[in-house]
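Residue strings, one per chain:
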Number of protein chains: 2
Amino acid sequence: MENFLGIDVGGTGIKVGLVSKSGDVLSHLKIDTDSLRQGGDFIHNFVDNLEGILADHPDVDRIGMGVPGTLSKDRRTLLELPAIPEFNGVSLGDLLQARFPNKQFRIENDANAAALGEYHFSDRKMPENFIFVTLGTGVGGAAIINRKIFSGGDGNGMEIGHILSRGRKLENNIGKAGMMELALETLRGYQGATDVNEHRMNSHELIRAATQKDGFALEVFDKIAELLGEAMVSTIRILDIKNVYIGGGLSVCFDYIISNMIKTMSKYLTPYYLEDLHINRARLGNEAGVVGAAALCFEESLVHV
Amino acid sequence: MENFLGIDVGGTGIKVGLVSKSGDVLSHLKIDTDSLRQGGDFIHNFVDNLEGILADHPDVDRIGMGVPGTLSKDRRTLLELPAIPEFNGVSLGDLLQARFPNKQFRIENDANAAALGEYHFSDRKMPENFIFVTLGTGVGGAAIINRKIFSGGDGNGMEIGHILSRGRKLENNIGKAGMMELALETLRGYQGATDVNEHRMNSHELIRAATQKDGFALEVFDKIAELLGEAMVSTIRILDIKNVYIGGGLSVCFDYIISNMIKTMSKYLTPYYLEDLHINRARLGNEAGVVGAAALCFEESLVHV
């Protein structure tokens, strides 16, 4: 049975996993992204590291890679990666192909890869069309349409963290930093009792409080739900997709946002949408990036809409 | 040379045109929609009328039809047509095929058809990917991706009149009625001189005043431009399309909105988008609906994304 390498490239760490056809992570390792910056040439160090990993897995022919940013439509060149600017403008596809001519590489935006991972490896039956939202430091997005990644006109659609939400980027409102801003603002106006302390406020603390039905924490998540619900209304009107999956590190708040999200969306969407609307938490957790990257190797994933 | 029939179904009138392969309207007629409501059975009357028209054009084998509303993914059944509810739930494709077995019918959302018309029959070279916005009584939208109509997951994407704009539907803000509401509100706060009279305010009056550099009218269009620009930011982030064409009856205001639209979009979009951003007025005018409907007959238009 063929195995694949899935590489999830992030600003702080690069995760590499040996992934089976059925999505099991057989082994994995993590490279500190900063360590590749030592000695100057990031790209050189990255490729050297990869060479070592490939040597350890001689049976692997196909490697998928998820990157946090935009790519050229042909998926060979990285364009804008705010977290790893060393990659900006690098024709990584050509470079890897030249260095490792017997291997096949697939490079894709990381949210797209994660959505594809959810599609292939979730333990439930997935619909052919769905919107995928990642809540974390930023807010990312992807869409699967007719079982394939929707990449838009020029290759980088679904940048939903950047759609407008009450006059600014959605990500500024409900990304990790925006969420804290929103929490502090809510706390200032909050009259009830709460055991959340503004000096040690963070997303984990908010979620801990919400599990204990803290009124303040629940109010913060109500607001987040409303903002995300509004953004989903616009996204759904543009894409006509009625299934939404929410993943990412902060999707642990799912239970505290789902009901107000649906309430908000019900204000704006018609029965045509609402009757088939399903919002679910993504099943894949930490391993989503690596198994999603591995799923890029599947032949049926290759055609972009 | 084969000719086609293009039928543009509207709430007040149904326009029928004999259209050449190159988009010339060779002859046309208009049916009052209300007249088909006489004697009860709208659908029956519609099909009878069509039979007469087809008898007048025995050489026409292919008929395209644009309708103002949503359709099933297979394009055979009309779902929700607010302006002509008699069509709701009607399997018009099957019905027409059964009645006229030797003819081919293609039914599509009217904004999608108009975008396709612009793609095939504009006198300028069109890009492979573009967003199409219609400004009129409502705000409609379509997208052409890889030279084909983008219909989204379930067939009815690009309902951009319904994306959220500062807490309500974009259409409520800049559709014909919303535009008047905005104008009256602006007038109340306007300190300068204007010869626009609130008692005979309408879109034509606003445009007339704008052509004469009336400060009030220009301020209204600045606000419309800002709202439309914001909506385009979200649409572009989701679709990654950098060409926008603006059509519809109210696109006569194009010259008065374009500069503030671009200014607004520049606040939110990065160079990746802005360097290739092109916003143009659509070339096809009144005949857009009919020639767009005819373009649905072209083989290359058939595959939906």
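Residues numbered from 1 in each chain as written. Chains lettered and ligands numbered in written order. Predicted model: local features only at pLDDT ≥ 70, side-chain atom pairs only at ≥ 80, totals over all residues. Heavy atoms only, no water.

Q: Any chance you could explain the overall build of chain A here in plain terms?
A: Each helix and strand counted, chain A has 10 helices and 12 strands in total. Relative to the compact-globule value of 19 Å for 305 residues, chain A shows a C-alpha radius of gyration of 20 Å, a close match. Within chain A, the proportion of its 305 residues that are buried is 58%. When the accessible area of chain A is evaluated, it comes to approximately 12,500 Å², of which 48% is carbon and sulfur surface. Of the charged side chains in chain A, 30 are positive and 40 negative; the average position of the first set lies 4 Å away from that of the second. (Helix = DSSP H or I, 4+ residues; strand = E, 2+ residues; numbered from the N terminus. Rg over C-alpha atoms; globule rule 2.2 N^0.38 Å. Buried < 20%, exposed > 50% of the residue type's maximum accessible area, 1.4 Å probe, protein only. Areas by Shrake-Rupley, 256 points an atom, 1.4 Å probe, with all protein chains shown as cover. Lys, Arg positive; Asp, Glu negative; His and termini not counted. Charge placed at Lys NZ, Arg CZ, Asp CG, Glu CD.)

Q: Just checking my understanding: could you explain the environment of Ile149(A) for this structure?
A: Residue and element names in this part refer to chain A. Topologically, Ile149 is positioned in strand E8 (residues 148-149). Accessibility expressed as a relative area gives 1% for Ile149, which makes it buried. Remark: the alpha-carbon pair of Ile149 and Leu116, spanning 33 residues in sequence, is separated by 7.1 Å.

Q: Which parts of the structure should I look at to understand the interface of chain A and chain B?
A: The figure often quoted for interface size is the accessible area lost as the parts come together. Across the contact, 36 residues belong to chain A and 37 residues belong to chain B. Of the roughly 3,100 Å² buried at the junction of chain A and chain B (both faces included), carbon and sulfur atoms supply 57%. Contact with chain B buries area across many residues of chain A, yet Leu164(A), Arg237(A) and Ile238(A) alone supply 22% of it, more than any other trio. Remark: the boundary between chain A and chain B carries 2 salt bridges. Its salt-bridge partner being Asp154(A), residue Lys242(B) comes within 2.7 Å of it at the nearest N-O pair. Where chain A meets chain B, there are 32 residue pairs in polar contact (both at pLDDT 80 or more). The set of elements that each furnish at least two residues to the side of chain A that touches chain B consists of helix H7 (215-239) and helix H9 (271-274) of chain A. Top element by residues in the side of chain A that touches chain B is H7(A). It accounts for 7 residues. Of the residues belonging to the side of chain A that touches chain B, the class tally is 15 nonpolar, 12 polar and 9 charged. (Contact = heavy atoms within 4.5 Å. Buried area = accessible area lost by both parts, 1.4 Å probe. Salt bridge = Lys/Arg side-chain N within 4 Å of Asp/Glu carboxyl O. Polar contact = N/O pair within 3.5 Å; in protein donor to acceptor, adjacent residues only side chain to side chain. Nonpolar A, V, L, I, M, F, W, Y, C, P; charged D, E, K, R; others polar.)

Q: Is there a simple way to think about the nonpolar core in this case?
A: The biggest cluster of nonpolar side chains holds 108 residues, and the ones touching the most others in it are Leu239(A) and Leu239(B). Excluding its chain neighbours within four sequence positions, the residues that come into contact with Leu239(A) are Ile131(A), Ala143(A), Phe150(A), Met158(A), Phe150(B), Gly152(B), Gly153(B), Gly157(B), Ile238(B) and Leu239(B). (Core = buried A, V, L, I, M, F, W, Y, C linked by side-chain atoms within 4.5 Å.)

Q: What is the right way to look at the packing of H7(A) against helix H7 (residues 215-239) of chain B in this model?
A: When two helices pack together, their arrangement is given by the angle between their axes and by how far apart the axes lie. Interhelical geometry of H7(A) versus H7(B) gives an angle of 65 degrees and a closest axis separation of 11 Å. H7(B) is crossed by H7(A), and the crossing has right-handed handedness. Two secondary-structure elements touch here, H7(A) through Thr235(A), Ile238(A) and Leu239(A) and H7(B) through Thr235(B), Ile238(B) and Leu239(B). Among the residues making up the contact of H7(A) with H7(B), the classes are represented as 4 nonpolar, 2 polar and no charged. (Axes fitted to C-alpha atoms, helices over the stretch in contact; angles between N-to-C directions. Left-handed = near helix turned anticlockwise from the far one by under 90°.)

Q: Looking at this structure, how should I read the sheet that holds strand E1 (residues 3-9) of chain B?
A: Each strand in a sheet pairs with its neighbour through backbone hydrogen bonds, running either in the same direction (parallel) or in the opposite one (antiparallel). Residue and element names in this part refer to chain B. Overall, mixed pairing links the 5 strands, which are arranged E3-E2-E1-E4-E5 in an open sheet. The outermost strands of the open sheet, each flanked by one partner alone, are strand E3 (25-32) and strand E5 (104-109). Taken pair by pair, the neighbouring strands of this sheet meet at an average axis angle of 15 degrees, ignoring direction. Two elements, strand E2 (residues 13-20) and E3, share 7 bridges in a ladder whose sense is antiparallel. (Pairing = 2+ DSSP bridges.)

Q: Even after reading the chapter, I still don't get the relation of the copies chain A and chain B, so can you show me in this structure?
A: It takes a turn of 180 degrees to lay chain A on chain B, together with a shift of 0.0 Å along the axis; the resulting RMSD is 0.0 Å. Accordingly, the operation relating the two chain copies is best matched by a two-fold axis. Closest approach to the rotation axis within chain A is made by the C-alpha atom of Arg166(A), at a distance of 2.8 Å. (Least-squares fit on C-alpha atoms with pLDDT ≥ 70 in both.)

Q: Help me out: how do you make sense of helix H5 (residues 176-189) of chain A in this one?
A: Every α-helix carries 3.6 residues per turn, so stepping three or four residues along brings you back to the same face. Residues and elements named next belong to chain A. When the terminal C-alpha atoms of H5 are compared, their 20 Å separation across 14 residues agrees well with the 20 Å that a helix rising 1.5 Å per residue should span. Taken together, the buried positions of H5 are occupied by Gly178, Met179, Met180, Leu182, Ala183, Thr186 and Leu187. Packed against the buried residues of H5 are helix H4 (170-174), helix H6 (203-211) and H7. (Expected span 1.5 Å × (residues − 1).)

Q: Which parts of the structure should I look at to understand the pattern of salt bridges?
A: For side chains bearing opposite charge, pairing can occur when the charged atoms are close. Counting across every chain of the model gives 34 salt bridges over all chains. Measuring nitrogen to oxygen at the nearest pair gives 2.6 Å for the salt bridge that ties Glu86(B) to Arg37(B). Here Glu86(B), found in the loop between strand E4 (62-67) and helix H2 (92-99), pairs with Arg37(B), found in the loop between E3 and helix H1 (42-56); they are 49 residues apart in sequence, far enough to count as distant. Accessibility expressed as a relative area gives 29% for Glu86(B), which makes it partly exposed. Taking relative accessible area as the criterion, Arg37(B) reaches 25% and is therefore assigned partly exposed. For Arg99(B), the salt bridge identified is with Asp48(B), shortest N-O distance 2.9 Å. Here the residue Arg99(B) occupies a position in helix H2, and Asp48(B) occupies one in helix H1, the gap between them amounting to 51 residues. The class for Arg99(B) is partly exposed, based on a relative accessible area of 35%. The network of salt bridges with shared partners includes Asp195(A), Arg200(A), Glu205(A) and Arg208(A).

Q: Can you walk me through the domain arrangement of chain A in this structure?
A: Residues and elements named next belong to chain A. According to the domain assignment, chain A contains domain 1 (3-117 + 293-301) and domain 2 (128-281). Taking only C-alpha atoms into account, the centre of domain 1 sits 28 Å from that of domain 2. Roughly 1,100 Å² of surface becomes buried between domain 1 and domain 2 when both sides are summed, with 55% attributable to carbon and sulfur atoms. By the criterion of area lost to domain 2, the three top residues of domain 1 are Lys73, Asn112 and Ala115, representing 39% of everything that side buries. (Domains from an automatic or database assignment.)

Q: Before we go on, may I ask you to explain H2(B) in this structure?
A: Residues and elements named next belong to chain B. Taken residue by residue, H2 has Leu92, Gly93 and Leu96 as its buried positions. All buried residues of H2 fall inside an arc of 100 degrees around its axis, so they share one side. Against the buried residues of H2 lie H1, E4 and E5. (Arc of directions from axis to C-beta.)

Q: How do you make sense of the pairing of E1(B) when you look at a structure like this?
A: Sheet faces and side chains relate simply in a regular strand, where the side chains alternate between the two faces. Residues and elements named next belong to chain B. Of all 7 residues that make up E1, 6 are buried, and the element is covered over most of its length. Sheet analysis places E1 next to E2, joined by 7 bridges and oriented antiparallel. Note on E2: the bridge partner recorded for Phe4 is Val19. The hairpin turn running from E1 into E2, its antiparallel successor, is 3 residues long. With 4 bridges joining them, E1 and E4 adopt parallel strand pairing. Looking across to E4, one finds that Leu5 is bridged to Ile63.

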